[in-house]
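Next come the chains, spelled out residue by residue.
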Amino acid sequence: DICLSIPGMYRILDLITERGSSGLVDKIIIAQDSLKALINGICPGAYTSMTKVDFKALDSCKVKPVGIYGSKEEIVRFMLSIGAIDDAISAKLVDPAKDSSVAKSTLRSGLYIIRLLPVSDAIEKMFVIYWPEELTWDDDAPSSMRRNRVTFMRYLTKICDQVTALISDEHAKSFVWSEPTNDDELAESDEDDTDRLFTFEVAKTNEQEEGVSVRPGFKVSLTSDMLADPHPESDIELDFLKPRLLHGETRQGFMTARYIPGKHTVKDYSSKKINSFELQEMLQNDSLDIAESIAPRTFHLLLQRGLDKRYPQLFQAWEREVAEIKRSTRKEMSTQKQELCDSLTREEPQLAKMISVAVVGTVFEPYPLVSLHSLHAYRTLDRTQCFASIPGVVVGEEVGLIGAFFPRADPKSIRSPDFRTLKEKILAIGSLSRKLENLTQAQLLMLTQSVLQEPKRESQNTLASILRERHEAVAQEQDSLPLKPPSAYTREADTLLKEAYTDCSLINDADCMSDLENISREMPLLREAVASAKKMAQEYLADLAEKLPKKLLKMARRVQQSDTETQLKLEFDARKDQQIRDVNVSLIQRINSLSQSDQPQQKTRIKAVVQRRDFGLFRSATFEFVGSRETMNDPMLLFTIHLMQLTAQDQQDLRLDSTSVPTPQFKETHSFQLPLGYSVSHAQLLEGEKLLMVVVDRGGNLLLFLEHLTGIENAIGRERGKLLHRDKIGEKFLLAFDESKLMLSVVSCEKVQLHMFVYDESRGFVASGSAISLTPWYTEETIILHACFICGSEELLLVDSRAIARVFSLTTLQFRPASLDLYHVPSAVYSSPDGSCFLASYSDGSGTNIYAFHWSTFGSTDGILLTTGDWADNDGMALSSMVRKNAVHLLKLDLSTGTLHSLALDITCKVTEFMFKEKDSRGALSRDANFTAHNCLLDCHADVWTRFPVLPAVQRATISSSDRRRRSLLFVSNRDHHQFPTHVADMVETFERVSKKPTGDKLSTLVVSATTFDHFRADVSPDEEWTVSIFKFGEWVVDMLCLIPIHLALARDNRFVPLKDGVYSVDVEKSLLGADINRIVDSISFGWYESIFQSYMADKPVRVVSSMGEQSVGKSFALNHFVDTSFAGSAMRTTEGVWMSVTPTKEALLVALDFEGVHSIERSAQEDTLLVLFNTAISNLVLFRNNFALSRDITGLFQSFQSSSTVLDPVANPALFQSTLVIIIKDVVDSDKTEITREFSLKFQQIVEDEQDANFISRLHGGKLNIIPWPVIESKDFYKLFPTLKRRLDQQVVTHKAAGEFLHLMKTLMAKLKANDWGALSQTMASHRAQLLLTMLPTALALGSQDDLESEPLKNLDTDVALDLPDSNARFFVAAAGHLQEGSREEVLKALLAGWDDFGSRQLIPEAQWVEELSEFLEELVDMRIRHVRAWVASNLTRFQAGHASIMELHRTLESAVIDLKGSVQLCRMQCASC
C-alpha cells in the first residue's frame, strides 16, 4: 500500500470488495486507522477508537479543504510539485503495467487527504484527492466502476465547496464539447429519445460440429502469505504440504497445508470469568501450581469446588488438623479469658475510688459555692491521673464521655425542674429591676412577690399596673403628655416579661450559681429565693455524686472486659490463622507435587479465585480467575481453503457472454486443523458455500464430511463425519462426486467394487444399497485407476490399468456397450461441468498433452487434442465453470511463479444452441453519434446530480460555519479554457430540462473556470491565502461521516445477522455462537456513527425514516432525494440487507434506513419477516414503494408485515411500533390516481376483515396508513411530494428522546432478532443496562470514573452528559475491582491517609482530636464517592422500570458494595503498636 509510504497522506474513504448474495460487490467504508492518524495529527488524543472520537475537541481546529480529481498522471504531477511524493513513488503510481499476475505496490481507489506542513496557530490547509481506478475516466468503463465514480464524486463535492479537476493533455484532446442547439432540435430531441431504444434478437449459436477450442483465460497472483514456506521443525514430506487446487463444478479455490508445531502456550489472566463447571474441570484434571500466598477463603473455595474429590485422603487429614487447631485455640482462649476476668474483679475497689475522685470532681468543678463531703476524702489525689486510669476514657474527653453515658451529668446544666423555674424568676426580677429604673420600694416588692408567687398572666397584670401608675405620675407633672389606653400597658408589660425571660435563658446554670450571692446582696427581697435555689442545686448535685460513679464503674468494667476479650481474640485468631496457614501451605505443596507428577497437558497457576456473588446478574455461580494456564498443544496440520470469487460485474458479464474473461479475487478464507497422521483424500467445493471433504485417519479409515465452510472445523472437532472402514474398501480407492445428485462413489480399485452413498440433509451420507461388484467385467489383473461422474447424470466413467475407459450406469447397473481404447493410461481425467465431454491428460518426458472426448460420440472418435502448448501440467489441474456451466475453464496452480491461471475452453456440440442477445454490437444503439472516450471527467457532475439530490426536501445542518465561499469548479488543463464554462452551463441546462429536479440556486451559482497547471499550483502554494471555505474540523468530519451509509445487517440463512462496523466477519459470527443477548448487544458496533450517537450529538432527539418495498422500485433513489442521503452508492444491483445513514438537522438527527427489496427470489419468507419486523419496530415513518402494475395482489405482498405483527407484541413493547406507514405506488399518472388508491384501499380492507384485531395495520402502525399514488419519474410533479413527506414526518411524536438512548434501543432490538428472543424489549434493555452498570460499578466506586484506562467521568450513557457532582481523585479498595487495586486493603487505606493534608500534625494536637478529624476526612471522601455513584446509577436507570429483577439486583449489589466501601476506610481506633 503506497499510502503508507507518503508522509502527510491519509486515506479517509476506502473502496473494498465484500461477498454479497450475487458475488463480490464494492463497498465504500471509512479507513479507520488512517482517519485516526489524521485526527490525532491535527488534535492529539481526540481519536481513541472508531467508537470514541472527541469531535467537540476537533471543533477548536479549523480547516480549508480543496477537492481534487482527474487524470492519474496529473494528480501524480501535482503531488510531486507540492513535495508530497518523490520520483520513486511517482513512478509506482503511474506504472502502466496492467498484468494482474505481477504483484506490485499500488494505491487503492478512494478519497485521500494531503496535509500541507502546518504553520503554528494557522488554519489547516489540505487537499482532498479522489484517486481513481484504472479505467475510471473511460466512458465505457464497467458499470460497477462508473457507479463508484459517481459515488466518490458525490462525496468529494459534498465535503469540498471548491473542487479542481486536473486534466491531462491526452484526456483533454478527446473531449467532445457540447454544441449549441436551437429550439427545433431541442423539441425533436424531446420527442425522439433513441438512446432508450435497445433491440434484441434470438440468434442461433454453435451450429458447427463438436469440438473444443482453447483461448487464454485469467491469471491471478497469489500473495506470499498464501504460499508460506514449510516450517523448519516439520519432517513431513513437502509434497504433502504443497498447495493444491480443489475440485468443484461451479466453485473454485485452492487449499494450503501448514505444519503447526507443538508448543507450550501460556495465557495470563488478570481477571477471567469462568463458570463452576470450568473451575471444577480445572481443579480435577489440570497440573496445578497453587500460590502458597493464596487467601484462606480462596483455598477453602478450591477445596469445595473439586480438590476434595481429587485428593480425598489429603482433604480429610487437612480437615482433622484444622479442627484440632480450632479446638485447642478455643480451649486456651477460654482459660485466658477467665484469668483476666478474675484479675479485673480484684482491681475493682481501686477503680471505684478513682472514678469517684475523677467524675465527682469534674461534675462539681463549675460550682465553687457548692461542696460535698465525699470530695474531701480524696483531695490528695490528682483528678487527671484518676481519669487516665479509667478504661475507655481518653484524657481531654472526660466531660463529653460523662455526658454520653449519663445525660443528666452535664456539669453546666442542673436539670431539676423546680430549680430551673426558680432560677428563671430570680433572673427575670433582676432584669426587670434594671430596665425599670426608679421603682418605688412598694412597686418593687409588689413586682417581686407577683413574679415569685403568681402565674405569668398575673405577673403581667401586676407589671402593667405598675407601668400605668408610673405613666400617670409623669403625666400629672407634664400636662401635655397624653394618656394611653389600658391595652397599651398590657402589651408593654408582655414585651418586658418576654425579654426578661429570654435574657435569663442565655445564662447557664454554673454562671447563675456564681452570681446568686451578688443578687442576694443587691436585692434583699430575693434572699429567701436565692437560698432556696442554692438548696435545690445542692440536692441535685448530691444525687449525681451518688449515682454517677456507680454507673461509670459498670461502664468501665464493660470496657475493660470488652477490650481484654478483643485483644485476646485478636491474638488467638492471629495465632490460629497462622497455624492454619501453615497447614494450608503444607497441603498446597503436596497438591502441587501430586498434580504435577501426573503430567497432564494443561498446567494451571492459581493466584486468586473470587466468587462473583454480587457482581453477577444471575445467581448461578461464576468466578473471577487470576493466574495463568499453560497448555501443551500437539503438533497439528492447519489447512486453509482460499475461495476464488468473482465481482458482481464479472458475473453479470459472464451471464451475458460466456466468452468473457473474469478477473477473480481471493478475499475469503476458511481454516480447519487435523492431527498429524490425518490427511485429506478429497476436497470439493459445492454451491452454497459448502465443502465435501474426505479425511483419512491414522487407522486408514475414511471420514466423510459435507458441511458449510464455516462449520467444517466444528464438524471435524465433533467427529460428525460418516465413518467408512478401510478394510472393507481396500488399500487403494477412488472417489467421485456428482454435485447435482449429491451422489458419492467410492471405488475399491483392487476389489473392483463400487460403494454408493447419497447425501441427505437430515441423515448425512446414506449407503445406496450394498456394494456393486464389477468383477464380471474385469479380469483379476485389472485395476481401476480413474473414476469420475458424467456431470448431472447417474453414469460413472471408469478407466482401468489396460487404458480402457468404460461408462457404468448406476440405474441399470450395466456398462454402456461402447468402450474407449485410450492411447495409454492417462495421468488424470476431468469431467466437464456442462456434461458435454471429459478431458484426459497424458504425460511423458516431453510434456503433458490433453485430449477431449465428447460423451455423445463416446467410443467412436479418437478425441480432440487441445492446443495447450507447454501450459499443461501433470501436477494437479482442475476443470470448473464460471457462473454458466458452458463457461468452462481449466485451472492450473503454478507454484514457481506464484500464480493461478486458466485456459478458457469453448466446447461445442452437434446440437444447435440459441441465445437471446442484443442486436448489432453491444450497446450500439445506446451510444451517441459523437462517440466520447473520456467526457466523464466533465459529465460526472451531471451523473452526480442525476443519481443524488441537488436540493433535497430535508436539508443537512451539520456545518455551522458562516465563513463559506461560493461553490466553484476549476478545470486545470493546457487547452480549450473557454470551452469549460460553456460546456458546464449547457450540462446544467440540459440536466434541469430533462430531470425536472428542484435545484434552487445550487447550480446557477456554481462558479466554473479554467486555468493552467502552473497558475493553479501558484494559487494553492502554502504561502498564498486560499480563497476557499473554512470549516470547524469536527463539524467537517462529522458531515463527511454522515454522508457515508453503513451496512447494518443482513438477512441470510433465515437469520438476522448484524454486522460489526459495516463489514461481515466470519470470525465475529463464530465468536457469537451460543452468546446471550447482552453479549450480542456489546458486539454490535455502528462504526463511525458510534461517537456521533454516543457523544457529539448524544442529547439530540432522533427521528427514523425507512424505505422498503419490492426490488428495483427506486427505494434508495427516493430516500436520497427525501433526506439527502447517499444510498445504493456502492452496491452492484440493489441494496442488500439494511443500510443506515444520518442527516443532522437543527431540530434532530434524522436516521434513514434503506432496506433490500422484499419478496425477492433470493430471500425466504422468514428473512422478509425479520427485515420488516426490524423496520416497523424502530421507524417513525415507513415508506413502502411498490409497482402500480405488478402489485395487484397486495395481500401476498404484505404477508411479511402480517407475519411480523405476530412475533413481537406491541403492547409489551411500548417503545416500538410508533411508525406511520406510507404506501407509495410508483409511476401513477393523474388519470389513474383515484382508481388505484381505491383499489389498494379495498385490498387493505380485505386484510383487516380477514385478520380482525390481529391485522398488521392496527398492531404495527396504530391503525393508520397513507396511500400516495406517486407521479412518474422525470415529470414535474415527481419531486413535489417530498415536502409533503417531510411535513408528515415532522408531525410524528418524537419517540427517541436522545441519540444515545436510540443507539441502545436499536442495538438491543438487533440482538434480539439475531437470537430469536421475542420477549419484551424493555426487559432486555433494562437487563443489559444493569449488566453494563454492574460491570462498570467496581471502577466507578474505586476510581470515580467509568473507564480505568481513560479516566472517563461518570456520565449519563444516553446523553453523554457528565454528572456535575463533587468528588475526589481518591482510589478506594473495592474487592470486585481486583485488577484496579494497587495493593491490599490496608495498603490502599495507607495511601488514602497519606493524602490527608493534616496527616503530619499528629504530634501537634491531642491524639483523640487527630483520629476524629482523620475519620471525618475519610468518611467525607467516601460519602462524596457514594453520592456520585448513586446519582450516576440513578441517571442511567431513569427510563427503566424500577421493579425489574436485574435493576433490583444492581441496587442490592450497590448497597452491599457501599457497606464494604465504608468498612474499607473505618479505623479500628484500637491502641496498639501498629500505627
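Residues numbered from 1 in each chain as written. Predicted model: local features only at pLDDT ≥ 70, side-chain atom pairs only at ≥ 80, totals over all residues. Heavy atoms only, no water.

> Describe in detail the pattern of salt bridges, supporting the description with residues and values.
Summed over all chains, the structure comprises 43 salt bridges. Taking the shortest distance from any N to any O, the salt bridge between Lys-569 and Asp-573 comes out at 2.6 Å. Taken together, the residues span about one helical turn, with Lys-569 and Asp-573 both in helix 21 (residues 527–597) at a distance of 4 residues. Residues Glu-1069 and Arg-1055 are paired through a salt bridge, measuring 3.5 Å at the closest nitrogen-oxygen approach. Here Glu-1069, found in helix 29 (residues 1066–1071), pairs with Arg-1055, found in strand 45 (residues 1055–1058); they are 14 residues apart in sequence, far enough to count as distant. Each of Arg-154, Lys-158, Arg-956 and Asp-1124 takes part in a single network of salt bridges with overlapping partners. (Salt bridge = Lys/Arg side-chain N within 4 Å of Asp/Glu carboxyl O. Helix = DSSP H or I, 4+ residues; strand = E, 2+ residues; numbered from the N terminus.)

> Tell me about the packing of helix 10 (residues 296–310) against helix 11 (residues 312–346), and name the residues and values.
Packing of helix 10 against helix 11 leaves a shortest axis separation of 8 Å and a crossing angle of 135°. Classified by the angle their axes make, helix 10 and helix 11 are oblique. Contacts between helix 10 and helix 11 involve Phe-299, His-300, Leu-303, Asp-308, Lys-309 and Arg-310 from the first element and Pro-312, Phe-315 and Trp-318 from the second. Among the residues making up the contact of helix 10 with helix 11, the classes are represented as 5 nonpolar, 1 polar and 3 charged. (Axes fitted to C-alpha atoms, helices over the stretch in contact; angles between N-to-C directions. Parallel < 35°, antiparallel > 145°, perpendicular 65-115°, else oblique. Contact = heavy atoms within 4.5 Å. Nonpolar A, V, L, I, M, F, W, Y, C, P; charged D, E, K, R; others polar.)

> Please give an account of unusual backbone geometry that cites residues and values.
Its identity is not glycine, yet Asp-1061 carries a phi of approximately 55°, on the positive side. Relative to the elements of secondary structure, Asp-1061 occurs in the loop between strand 45 and helix 29.

> Describe the environment of Leu-1183, naming the residues involved and giving the relevant values.
In this structure, Leu-1183 sits in strand 49 (residues 1181–1187). Separated by 77 residues in the primary sequence, Leu-1183 and Ser-1106 place their C-alpha atoms 6.0 Å from one another. For Leu-1183, the residues in contact, after removing those within four places along its chain, are Val-1105, Ser-1106, Ser-1107, Met-1108, Leu-1119, Phe-1122, Val-1222, Ile-1224 and Leu-1285.

> Go over helix 3 (residues 72–81), please, and point to the residues and values.
Within helix 3, burial applies to Lys-72, Glu-74, Ile-75, Val-76, Phe-78 and Met-79. Looking at the residues trailing helix 3, positive phi occurs at Gly-83, about 80°. (Buried < 20%, exposed > 50% of the residue type's maximum accessible area, 1.4 Å probe, protein only.)

> Outline the nonpolar core, listing residues and values.
Counting 170 residues, the largest nonpolar core has Tyr-69 and Phe-1033 as its most contacted members. Ignoring anything within four residues of it in the chain, the contact list for Phe-1033 reads Leu-38, Ile-39, Ile-42, Leu-58, Asp-59, Cys-61, Lys-62, Val-63 and Met-126. Formed by 37 residues, the second largest nonpolar core is a distinct cluster that contains Cys-512, Met-523, Ala-533 and Tyr-540. (Core = buried A, V, L, I, M, F, W, Y, C linked by side-chain atoms within 4.5 Å.)

> Could you give me a rundown of the sheet that holds strand 15 (residues 602–611), with the residues and numbers involved?
Spatially, the 4 strands line up as an open sheet ordered 13-16-15-14, and their pairing is mixed. Looking at strand neighbours, the two that pair on one side only are strand 13 (264–275) and strand 14 (287–290), the edges of this open sheet. Direction aside, neighbouring strands of the sheet carry axes that sit 25° apart on average. Of the pairings in the sheet, the one linking strand 14 to strand 15 comprises 4 bridges and is parallel in character. Within the sheet, the bridge partner assigned to Asp-289 lies in strand 15 and is Arg-605. (Pairing = 2+ DSSP bridges.)

> How would you sum up helix 38 (residues 1282–1291)? Please name residues and give values.
Listing the buried residues of helix 38 in full gives Phe-1282, Leu-1285 and Leu-1289. Along the axis of helix 38, the buried residues cluster in a sector spanning 55°; they form a single face. Looking at the buried positions of helix 38, the neighbouring elements they touch are strand 46 (1102–1109), helix 32 (1115–1123), strand 48 (1149–1155), strand 49, strand 50 (1220–1226) and strand 51 (1265–1269). (Arc of directions from axis to C-beta.)

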